[in-house]
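Observations on the model geometry
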Amino acid sequence: MAATTGTEMTRIVVDETKCIKCGACAVECPSFCIKWTKGAAPVTSTTMCSKCGHCAAVCPVGALSWENRSLEADFPPIRPELAVSEAQIEQLVRSRRSIRRFLPGPIPQAKIDRLLEITHYTQTSGNTQMIEYLVLVTPEQVRKYAVPVVEWIKAKNLPYSHCSPIWNARY
């Protein structure tokens, strides 16, 4: 069964041969465009789908797809065995530190690409993904952006202005 969400580009397809009629997709849909009745396969309404992938992520059997795009490729299913505990999150947050000394040599481009790919899973308003990242890979590039920031901090006499001698030596 295929149901449209108001535009052909956002057509959600439910594979009824896979669907176990649990309703998890409808419960998770932040746009409320998936409707479900107990014992029936989910259907869509005319509400706009934001293409967030939440429905596919929570479907335990991979029964959802978009007509022209693979949900599983773009939004791999959530793996319950990788769920993090409260203690793990606390450890991550408490152990995060600013990095002031870097290893010599470049970061492999494949690693940069993978990290940027992962950022597409972060939350954005309406799943618009209207964000950009500037990846600086050389010390010269870092200096190009650091110098104006350091000068601005010094001119405003902001906290950390006392670090000027260190910054001057670095940048």
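Residues numbered from 1 in each chain as written. Predicted model: local features only at pLDDT ≥ 70, side-chain atom pairs only at ≥ 80, totals over all residues. Heavy atoms only, no water.

**Focus on the overall build of the chain**
What the chain contains, in helices and strands, is seven helices and five strands. In the chain, the succession of α and β elements from N to C terminus is β-β-α-β-β-α-β-α-α-α-α-α. Per-residue burial for the chain yields a buried fraction of 25% across its 171 residues. Pairs at least 24 apart in sequence give 44% of the contacts found in the chain among residues at least 6 apart. Summed over its atoms, the accessible surface of the chain is roughly 12800 Å², and 60% of this surface lies on carbon and sulfur atoms. (Helix = DSSP H or I, 4+ residues; strand = E, 2+ residues; numbered from the N terminus. Buried < 20%, exposed > 50% of the residue type's maximum accessible area, 1.4 Å probe, protein only. Contact = heavy atoms within 4.5 Å. Areas by Shrake-Rupley, 256 points an atom, 1.4 Å probe, with all protein chains shown as cover.)

**Regarding the pattern of salt bridges**
In the structure shown here, the tally under the stated rule is four salt bridges. With a closest N to O distance of 2.8 Å, Glu81 and Arg79 form a salt bridge. (Salt bridge = Lys/Arg side-chain N within 4 Å of Asp/Glu carboxyl O.)

**Comments concerning the environment of Gly39**
As for its position among the elements, Gly39 is in the loop between strand S3 (34-35) and strand S4 (43-44). In sequence terms Gly39 and Ile20 are 19 residues apart; their C-alpha atoms lie 8.6 Å from each other.

**Describing a nonpolar patch on the surface**
On the surface, a cluster of nonpolar side chains totalling about 410 Å² of accessible area is made up of Val84, Ile89, Leu92 and Val93. As for its position among the elements, Val84 is in the loop between helix H3 (71-74) and helix H4 (86-95). Residue Val84 is classed as exposed on the basis of its relative accessible area, which comes to 54%. (Patch = residues over 30% accessible without salt bridge, like charges linked within 9 Å, V, L, I, M, F, W, Y side chains within 5 Å.)

**Comments concerning the nonpolar core**
In this structure, Ile12, Cys33, Ile34 and Leu64 are the most contacted members of the largest nonpolar core, which totals 15 residues. Put simply, the parts of the chain that give this core at least two residues each are strand S2 (12-14), helix H1 (24-28) and strand S5 (64-66). (Core = buried A, V, L, I, M, F, W, Y, C linked by side-chain atoms within 4.5 Å.)

**Looking at the side chain of Thr119**
Secondary-structure assignment places Thr119 in the loop between helix H5 (109-118) and helix H6 (139-156). Polar contacts involving the side chain of Thr119 include one to the main-chain carbonyl oxygen of Leu116, which spans 2.5 Å. Sequence-distant contacts of Thr119, defined by excluding residues within four places in its chain, comprise Gln129 and Tyr133. (Polar contact = N/O pair within 3.5 Å; in protein donor to acceptor, adjacent residues only side chain to side chain.)

**Focus: the environment of Thr124**
Within the secondary structure layout, Thr124 lies in the loop between H5 and H6. It is 9.4 Å that separates the C-alpha atoms of Thr124 and Cys52, two residues lying 72 residues apart in sequence. With residues near it in sequence (within four places) discarded, Thr124 still touches Gln129 and Ile131.

**Points about the confidence of the model for the chain**
On average, residues of the chain carry a pLDDT of 80, and 82% of them reach 70 or more. The weakest mean pLDDT in the chain belongs to strand S1 (residues 2-3) at 36; the strongest belongs to H4 at 93. The model gives residues 1-9 a pLDDT under 50, and that stretch makes 28 contacts with residues more than four places away or in other chains. (pLDDT = per-residue confidence, 0-100.)

**Some details on unusual backbone geometry**
Of note in this structure, Lys21 is not a glycine but carries a positive phi near 60 degrees. In this structure, Lys21 sits in the loop between S2 and H1. Owing to a relative accessible area of 30%, Lys21 belongs among the partly exposed residues under this scheme. Look at Phe32: it is not a glycine, yet its phi comes out positive at around 55 degrees. The class of Phe32 is exposed, set by a relative accessible area of 57%.

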